[in-house]
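Reading the structure
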Amino acid sequence: MGERVYLWDNIKVILMVLVILTHSVCIYQIGGGGKWIEYYWVFVMTYTMPLFTLASGYWFKQKAFGKVLYRFLWPCIIFSIVNFAWGSLFYEPYKEATLNTYLRFGYAMWYLWALFIYYLLTPLLLRYLRLSTLFVLSLAFALIAGVIPFIGGALQLSRVICFYPFFIMGMLLRKHSDQMKPIGRKYQWAIVLLTLSILYIVIDFFFPGVVYQTGFVSGYGLSIRGFVWRVFTYFMCMAMCLAVIYAMPEKKLWFSKYGTRTMNVYLLHMLIVFPCTWYVGSAIKDEWYGYVFLIIGVPLLCMPLFSKKVDCLMKKVLLIS
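I will try to describe carefully the structure that is included in this document. What you see is a predicted model; the values in this text were computed from it and never measured.

With that settled, consider the overall build of the protein. Counting its secondary structure elements, the protein contains 14 helices and zero strands. Start at the N end of the protein and walk to the C end: the helices and strands fall as α-α-α-α-α-α-α-α-α-α-α-α-α-α. Over its C-alpha atoms the protein spans a radius of gyration of 19 Å, differing by no more than 12% from the 20 Å that the globule rule assigns to 321 residues. Taking the principal axes of the C-alpha coordinates as reference, the protein spans close to 55 × 50 × 45 Å. In the protein, which comprises 321 residues, the proportion classed as buried is 51%.

Along the chain, threonine 122 turns up in helix 7 (residues 110-125). According to the relative accessible area criterion, threonine 122 is buried, its value standing at 0%. Side chain to side chain, threonine 122 and tyrosine 164 meet in a polar contact 2.8 Å long. In this structure threonine 122 touches Phe60, Leu134, Tyr164, Phe167, Ile168 and Met171, once residues within four positions along its chain are discounted.

Inspection of every chain in the model, using the stated rule, returns seven salt bridges. With its nearest N and O atoms 3.4 Å apart, the salt bridge here joins glutamate 38 to lysine 35. Residue classification places glutamate 38 among the buried residues on the basis of a relative accessible area of 11%. On the accessibility criterion, lysine 35 (29% relative accessible area) is partly exposed.

Attention shifts here to helix 4 (residues 65-87). Taking 1.5 Å of rise per residue, the 23 residues of helix 4 would be expected to cover 33 Å, and the 31 Å separating its terminal C-alpha atoms lies within 8% of that figure. The principal kink in helix 4, of about 35°, is found at leucine 73, preceding the proline proline 75 by one to four residues. Residues of helix 4 that are buried sit in contact with helix 5 (92-95), helix 6 (99-102), helix 7, helix 12 (262-284) and helix 14 (308-317).

Another point: the layout of surface pockets. In this structure, the second largest pocket occupies an estimated 680 Å³ of space. Lining the second largest pocket are 28 residues; nearest its centre among them are Tyr91, Arg104, Tyr107, Arg159 and Val217. Going through the elements one at a time, helix 1 (6-30) and helix 5 are the ones with two or more residues in the lining of the second largest pocket.

The topology assignment puts threonine 98 in the loop between helix 5 and helix 6. Among the residues examined, threonine 98 registers a relative accessible area of 44% and is labelled partly exposed. The sequence separation of threonine 98 and arginine 230 amounts to 132 residues, and the corresponding C-alpha distance is 29 Å.

With that settled, consider the nonpolar core. Tyr47, Met49, Leu51, Met109, Phe167, Ile245 and Tyr266 are the most contacted members of the largest nonpolar core, which totals 111 residues. Considering each element in turn, this core owes the most residues, 14 residues, to helix 1. With residues near it in sequence (within four places) discarded, isoleucine 245 still touches Leu7, Trp8, Ile11, Leu51, Leu54, Leu173 and Lys186.

Let's shift gears to the packing of aromatic side chains. Evaluation of the coordinates by the stated rule reveals 45 aromatic pairs. Residues tyrosine 91 and phenylalanine 274 carry aromatic rings whose centres are separated by 5.6 Å and whose planes lie at 35° to one another, so their mutual orientation is tilted. In this pair, tyrosine 91 sits in the loop between helix 4 and helix 5 while phenylalanine 274 sits in helix 12, placing the two residues 183 residues apart along the sequence. Owing to a relative accessible area of 0%, phenylalanine 274 belongs among the buried residues under this scheme. Joined through ring pairs, the aromatic side chains of Phe52, Trp110, Tyr111, Phe163, Phe166, Phe216, Tyr234 and Tyr266 make up one cluster.

This part is about unusual backbone geometry. Residues apart from glycine generally show negative phi values, whereas peptide bonds are mostly found in trans. Of note in the backbone geometry, alanine 108 takes a positive phi value of approximately 75° without being a glycine. Tracing the backbone through its elements, the reader meets alanine 108 in the loop between helix 6 and helix 7. On the accessibility criterion, alanine 108 (9% relative accessible area) is buried. The phi angle at phenylalanine 216 is positive, at roughly 50°, despite the residue not being glycine.

Once that is clear, we can look at the packing of helix 1 against helix 13 (residues 288-302). Two elements in contact, helix 1 and helix 13, have axes separated by 9 Å at closest approach and are oriented at 150°. As the angle between them shows, helix 1 and helix 13 are arranged roughly antiparallel. In terms of crossing hand, the pair formed by helix 1 and helix 13 is right-handed. Contact with helix 1, carried on its side by Ile20, Leu21, Ser24, Val25, Ile27 and Tyr28, involves Gly290, Tyr291, Leu294, Ile295, Val298, Pro299 and Cys302 of helix 13 and no other residues of that element. Classifying every residue of the contact of helix 1 with helix 13 by side-chain character gives eleven nonpolar, two polar and no charged.

Calculation criteria
- The written sequence of each chain sets the order in which its residues are numbered from 1.
- Local features in this predicted model are restricted to residues whose pLDDT is 70 or higher, and side-chain atom pairs enter the listing and the counts only when it is 80 or higher, whereas totals over whole chains, interfaces and linings include all residues.
- The basis for every side-chain value is the complete set of heavy atoms in the structure, and neither hydrogens nor water enter the calculation.
- Counting from the N terminus, the helices are DSSP H or I runs at least four residues long and the strands are E runs at least two residues long.
- Radius of gyration here uses only the C-alpha atoms, and the compact-globule reference equals 2.2 Å multiplied by the residue count raised to the power 0.38.
- Only protein chains enter the area calculation, which uses a 1.4 Å probe; residues under 20% of their type maximum are buried, those over 50% are exposed, and those in between are partly exposed.
- By the criterion applied in these results, polar contacts are pairs of N or O atoms within 3.5 Å in which, for protein atoms, one can donate a hydrogen and the other can accept it, and in which residues neighboring in sequence qualify only through two side-chain atoms.
- The contact criterion used throughout is that any non-hydrogen atoms of two residues lie within 4.5 Å.
- Each salt bridge in this description consists of a side-chain nitrogen of Lys or Arg and a carboxyl oxygen of Asp or Glu lying within 4 Å of one another.
- Here the expected span of a helix is defined as 1.5 Å times the quantity of residues minus one.
- Throughout, bend refers to the angle between the axes fitted to the seven residues that end at a position and the seven residues that start at it.
- Cavities and pockets are defined on a 1 Å grid built over the protein atoms alone: a cavity is a set of grid points where a 1.4 Å probe fits but cannot escape, while a pocket is an open set with protein on both sides within 12 Å along at least five of seven lines, and lining residues are those with an atom within 4 Å of any such point.
- Grid points are joined across faces, edges and corners, and a volume is the space filled by probe spheres set on the points.
- Definition of nonpolar core: a set of buried residues of the types Ala, Val, Leu, Ile, Met, Phe, Trp, Tyr and Cys, connected through side-chain atoms within 4.5 Å.
- Pairing of aromatic rings covers Phe, Tyr and the six-membered ring of Trp, with a centre-to-centre limit of 6.5 Å; geometry is then stacked below 30 degrees between planes, edge-to-face above 60, and tilted otherwise.
- For helices, the fitted line uses only the C-alpha atoms of the stretch in contact; every axis is such a line through C-alpha atoms, and the angle between N-to-C directions lies from 0 to 180 degrees.
- Reported orientations rely on four angle classes, namely roughly parallel under 35 degrees, roughly antiparallel over 145, roughly perpendicular from 65 to 115, and oblique for the rest.
- Here is the rule for handedness: rotate from the far helix to the near one, and if that takes an anticlockwise turn smaller than a right angle the crossing is left-handed, while a clockwise turn gives right-handed.
- Gly is put with the polar residues, along with every residue not named as nonpolar or charged; the nonpolar set is Ala, Val, Leu, Ile, Met, Phe, Trp, Tyr, Cys and Pro, and the charged set is Asp, Glu, Lys and Arg.

In C-alpha cells form, the structure reads like this:
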C-alpha cells in the first residue's frame, strides 16, 4: 500500500464536513431563511463539490467496466433507495415524490452517478483527444448544455455535464503536478481564498442568487445574462479550488487519517441530517438555539460516521473485501 498523500486527505475531510454543513442548513435556503444564507453559502458550498470532483479526477485510474459498476453505480443505487425510504419520513419533497424525483437519485447520490459516467466516458474520449483538448471541449459542452431545455434535473444531466470540466481539471493537475508549484506561501493562498469569497458575497449582494449557480442544477436557456454568470461561476469555482489546494497543509494533521473514510460519511450522513434538520430543526430553525443546532450540532452528530467501526460496517455493505 502506497504512502498517503496528506494534502488530499486533509482536503477531503474538510470538504466532507462542508457537505454535511451544506445539507444541514439547506432548510434555510429552501424554507426562505433570509439573505444571510446566500452569504453563508459562499463559505460552505461554492467550491465544495467542484473540488471533490477535481480530487476524483486527480486520482483517476482506468478501471474495467465491472469495477466501475461495482464501485460507483452499486452504492449510488443502494443509498438512493435508502435515502428515499428514510427521507420520505422527514423531507417534504420526498413525501410526495414523483417519477422525476426518483430520476434525480437519492439525496446527494448524483455525485456517484457522475463518477460512474466519467470513469466510463473518459478513457474512450482520451483515445481520440488530448487531455488539454478534452478540458476545453468539456467546458464548451457545459456552456452549450445550459442552453438546451431538456438538460435539467432528470438523471442529473446538468450536474453530470457541468462538473465534468472539474474532473478533467484534476487530471490535468496530476499530469502537470511537477510544473504547477504554487507561487507564494500557504497563508497567502488562504488570503486569496478569503478575497475571492468576499468578492462572491459582494457580487451576490447586487445580483441575488448567483452563488447558488455553483450547484449547476439547471440551465439558462437563451439568456445572455445566464451565459455570462455560468462563465463567471466556472472562473470563480476553479480559482477557489486552486486556492484551497495551495492553502491546505501538506503534512499529517490530527484528522488526516479520516481522509480514507469520507465516502462512508457521504453515503450515510443524510440518515442523520434528515431527522435532525427536517424534523427537529424545522421547528426551531428561527430560534438562536436552532441556528446553533443546525450549524454546529448536526455536523457534530455526523462525526462518528468517520469512525473505524462504521468503516468496517460499510465495507460489508459495499461488499469490499
